[in-house]
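Chain residues, written in single-letter form:
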Amino acid sequence: MTDPDPAATRVLVLNSGSSSVKYQLLDMADGSRPASGIVERIGEGEVADHAAALKIVADELAAQGAGLDSPALVAVGHRVVHGGTRFTEPTLITDDVVAEVEKLVPLAPLHNPANITGIKVARRMRPDLPQVAVFDTAFHSTMPEHAARYAIDTATADAYGVRRYGFHGTSHAYVSRAAARLLEREPGETNTIVLHLGNGASASAVSGGVCVETSMGLTPLEGLVMGTRSGDLDPAVIFHLARVGGMSTDEIDTLLNKRSGLLGLCGDNDMREIGRRMAEGDRAAQLAFDVYVHRLRKYVGAYTAVLGRVDAIAFTAGVGENSAAVREAALRGLEGLGVEVDPVRNAVRGSASRLVSSGNSRVAVAVIPTDEELEIADQAYALVTDAAQAPSDWNIPLRNKYR
Ligand SMILES: Nc1ncnc2c1ncn2[C@@H]1O[C@H](COP(=O)(O)OP(=O)(O)O)[C@@H](O)[C@H]1O
Ligand SMILES: CC(=O)OP(=O)(O)O
Ligand SMILES: [Mg+2]
């Protein structure tokens, strides 16, 4: 790798998911985003696989006047979901790194293969360009052993890498910092519970900017109720379904990852549709909603105990940013913990970070739009330019951005 051209200030971010590829081109010199887009429904007809999706991404970038051949590019930043215990920092991608990420496929079968395809295609198109992997698991690597370990036989756990890793870390990192900024506090002096509620959903407890606990575990299946994933359950459910239900391991895997959660409870995984059905008095939709918010409330209580003092609860991602009903229901009755949502503030719609707690609430409740792409670009840029500080610290001015 040669020293980066000082005129090259753009980072392309690829966020390859199980059935979509999101991309954004960010100019780190001025914070602009000259190109962005998403290719969805991969594997369903028109877009055969991730390689085909990446080709569409390359064509779309060229059409937006921002082709991959652009000399303004300084790096490509890739979201990689599982980094195991080896990858706890943004990492310059080499053949060896790709091989290690491939070894982690069994721990994230829906996500890592897509990430690897994105890396391979981008490296083939621009072998000269530094490519950086930013791992979902990295932010959670600071969890203390007592939070990361499952209470199973140590030799077995160690032999198979069975421990809690946590995911959505880029989002938890960004949102916990942004929540501190919204409160005009230093991240290092702020304790935050982050609730990332998208299709996948996870909670984290962040103490002074450092993650001390999160709800996802060995894989992105543990924890909260999600769109199609069950989250927590008694592990004996699996033995029962195998022995009594005659189901295979793969069938149970598919059941818990793809046919459970909100979808399993009521047939819909989109919170908007569930809201519409609840308004019509639909009992199954109401139950799905109630199970979802009950689980959330349990985690808020648990993480309050883990943190001791909570300064902020931050809601983010599709459901967290948009569903006032989920926020209100999840935090209802928590006045004893110093949490009080203001119904008027909570009902205001918008795309800016904002407080939704009442003036009396000891704990600030915030809605913070997540920005995984900015966080990935920041980390990639900092790595390739040896910047002493992640540029997000200047991308999020202390006082004015959220006003
Ligand atoms: N206005 C809304 N009200 C309630 N839920 C919404 C709204 N808009 C989006 N969502 C929810 O957000 C989810 C997607 O969140 P998102 O963060 O985009 O997910 P992901 O990145 O995991 O694909 C959808 O499944 C939908 O339920
Ligand atoms: C790790 C994970 O669950 O990611 P997503 O929410 O994008 O599926
Ligand atoms: Mg997401």
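For clarity, every value in this text was computed on a predicted model and none was experimentally measured. Numbers given for residues are sequential positions, taken from 1 along each chain in its written order. To label them, take the chains in the order written and letter them from A, then take the ligands in the order written and number them from 1. Reporting of local features is limited, given that this is a predicted model, to residues whose pLDDT is at least 70; pairs of side-chain atoms are given and counted only at 80 or more, and all residues count toward the totals for whole chains, interfaces and linings. Only hydrogens and water are set aside; all other atoms, that is, all heavy atoms of the structure, feed into the side-chain values.

Asks: Kindly report on the overall build of the chain, identifying the contributing residues and their values.
Replies: Numbering of helices and strands runs from the N terminus; a helix is a DSSP stretch of H or I covering at least four residues, while a strand is a stretch of E covering at least two. A tally of regular secondary structure across the chain gives 16 helices and 12 strands. Note that the radius of gyration is over C-alpha atoms, with the globule rule given as 2.2 Å times the number of residues to the power 0.38. At 21 Å, the chain has a C-alpha radius of gyration in line with the 22 Å of a compact globule built from 403 residues. Counting only C-alpha atoms and orienting by the principal axes, one finds that the chain spans roughly 55 × 55 × 45 Å. Partly exposed describes any residue whose relative accessible area lies between the buried limit of under 20% and the exposed limit of over 50%, with all areas from a 1.4 Å probe on protein chains only and scaled to the type maximum. Looking at the chain as a whole, 51% of its 403 residues are labelled buried. Look at the contacts in the chain between residues 6 or more apart in sequence, and 65% of them connect residues 24 or more apart. Surface exposure of the chain reaches about 18000 Å², of which carbon and sulfur atoms provide 52%. Whether two residues touch is decided by their heavy atoms; if any such pair falls within 4.5 Å, the residues are in contact. Areas reported here follow the Shrake-Rupley algorithm with a probe of radius 1.4 Å; residue values treat only the protein chains shown as occluding.

Asks: A description of a nonpolar patch on the surface should follow, citing residues and the corresponding values.
Replies: Here the term patch refers to residues with relative accessible area over 30% and no salt bridge, with like charges joined within 9 Å and nonpolar side chains (Val, Leu, Ile, Met, Phe, Trp, Tyr) within 5 Å. A carboxyl oxygen of Asp or Glu within 4 Å of a side-chain nitrogen of Lys or Arg is what we treat as a salt bridge. On the surface, Leu233, Val237, Ile238 and Phe239 cluster together to form a nonpolar patch covering roughly 290 Å² of accessible area. Examined against the element boundaries, Ile238 turns out to sit in helix H7 (residues 236–243). For Ile238, a relative accessible area of 33% translates into the label partly exposed.

Asks: Mind laying out the UniProt feature "active site" (unreviewed entry) in the chain, listing which residues take part and the relevant values?
Replies: UniProt positions are given in the numbering used here, feature names are shortened, and annotations may be inferred rather than shown by experiment. Those residues carrying the UniProt feature "active site" (unreviewed entry) are Asp136 in this numbering. Mapping Asp136 onto the fold places it in the loop between strand S6 (131–135) and helix H4 (145–148). Here Asp136 falls in the buried class, since its relative accessible area comes to 0%. Excluding anything up to four places from it in sequence, Asp136 contacts Arg79, Val80, Val81, Gly166, Phe167, His168, Gly169 and Thr170. Side-chain polar atoms of Asp136 contact the side chain of Arg79, separated by 2.8 Å. A 3.5 Å cut-off defines polar contacts: any pair of N or O atoms within that distance qualifies, except that in protein one atom must be a possible hydrogen donor and the other a possible acceptor, and neighbouring residues in sequence count only when both atoms are side-chain atoms.

Asks: How would you summarise the domain arrangement of the chain if you had to cite specific residues and measurements?
Replies: Bear in mind that the domain bounds are from an automatic or database domain assignment. If you check the domain split of the chain, you get domain 1 (10–135) and domain 2 (184–367). Of note, the centres of domain 1 and domain 2, computed from C-alpha atoms alone, are 28 Å apart. Taken residue by residue, the interface counts 4 residues in domain 1 and 5 residues in domain 2. By buried area we mean how much accessible surface two parts lose on assembly, using a 1.4 Å probe and totalling the loss over both. Across the domain 1 to domain 2 interface the summed buried area is about 400 Å²; carbon plus sulfur atoms make up 68%. Considering only the side of domain 1, the residues that lose the most area to domain 2 are Leu107, Leu110 and His111, jointly responsible for 78% of the buried surface there. Where domain 1 packs against domain 2, one counts 0 salt bridges. At the boundary of domain 1 and domain 2, one finds 1 residue pair in polar contact (both at pLDDT 80 or more). In this count, Pro and Cys sit with the nonpolar residues alongside Ala, Val, Leu, Ile, Met, Phe, Trp and Tyr, while Asp, Glu, Lys and Arg are called charged and the others, Gly among them, polar. Here the side of domain 1 that touches domain 2 is composed, by residue class, of 2 nonpolar, 2 polar and no charged.

Asks: Could you give an account of empty space enclosed by the protein, with specific residues and numbers?
Replies: A cavity here means a set of points on a 1 Å grid, drawn over the protein atoms and nothing else, where a 1.4 Å probe fits but cannot get out; a pocket is an open set with protein on both sides within 12 Å along at least five of seven lines, and a residue lines either one if it has an atom within 4 Å of a point. Grid points are joined across faces, edges and corners, and a volume is the space filled by probe spheres set on the points. The final tally for this structure, using the stated rule, is 2 cavities of 30 Å³ or more. By volume, the largest cavity amounts to about 50 Å³. Surrounding the largest cavity, Leu12, Leu14, Leu54, Val57, Ala58, Leu61, Leu68, Val121, Ala122 and Met125 form its lining. Counting residues per element, the ones that place at least two in the lining of the largest cavity are strand S1 (10–16), helix H1 (50–63) and helix H3 (112–125). Here the residues of the lining of the largest cavity sort into 10 nonpolar, no polar and no charged.

Asks: Give me the lowdown on the site of ligand 2, citing residues and values where you can.
Replies: Ligand 2 sits among Arg79, Val81, His111, Asp136, Phe167, His168, Gly200, Met216, Pro220 and Arg229. Take His111: an N or O atom from its side chain is 3.0 Å from an oxygen atom of ligand 2. Residue His168 places a side-chain N or O atom 2.8 Å away from an oxygen atom belonging to ligand 2. Within the complex, 84% of the 260 Å² of free accessible area of ligand 2 lies under protein. Of the residues belonging to the shell around ligand 2, the class tally is 4 nonpolar, 3 polar and 3 charged. Viewed by domain, the shell around ligand 2 spans two of them, domain 1 (10–135) and domain 2 (184–367), each represented by three or more residues. Any residue with a non-hydrogen atom lying within 4 Å of a molecule or strand is treated as near it.

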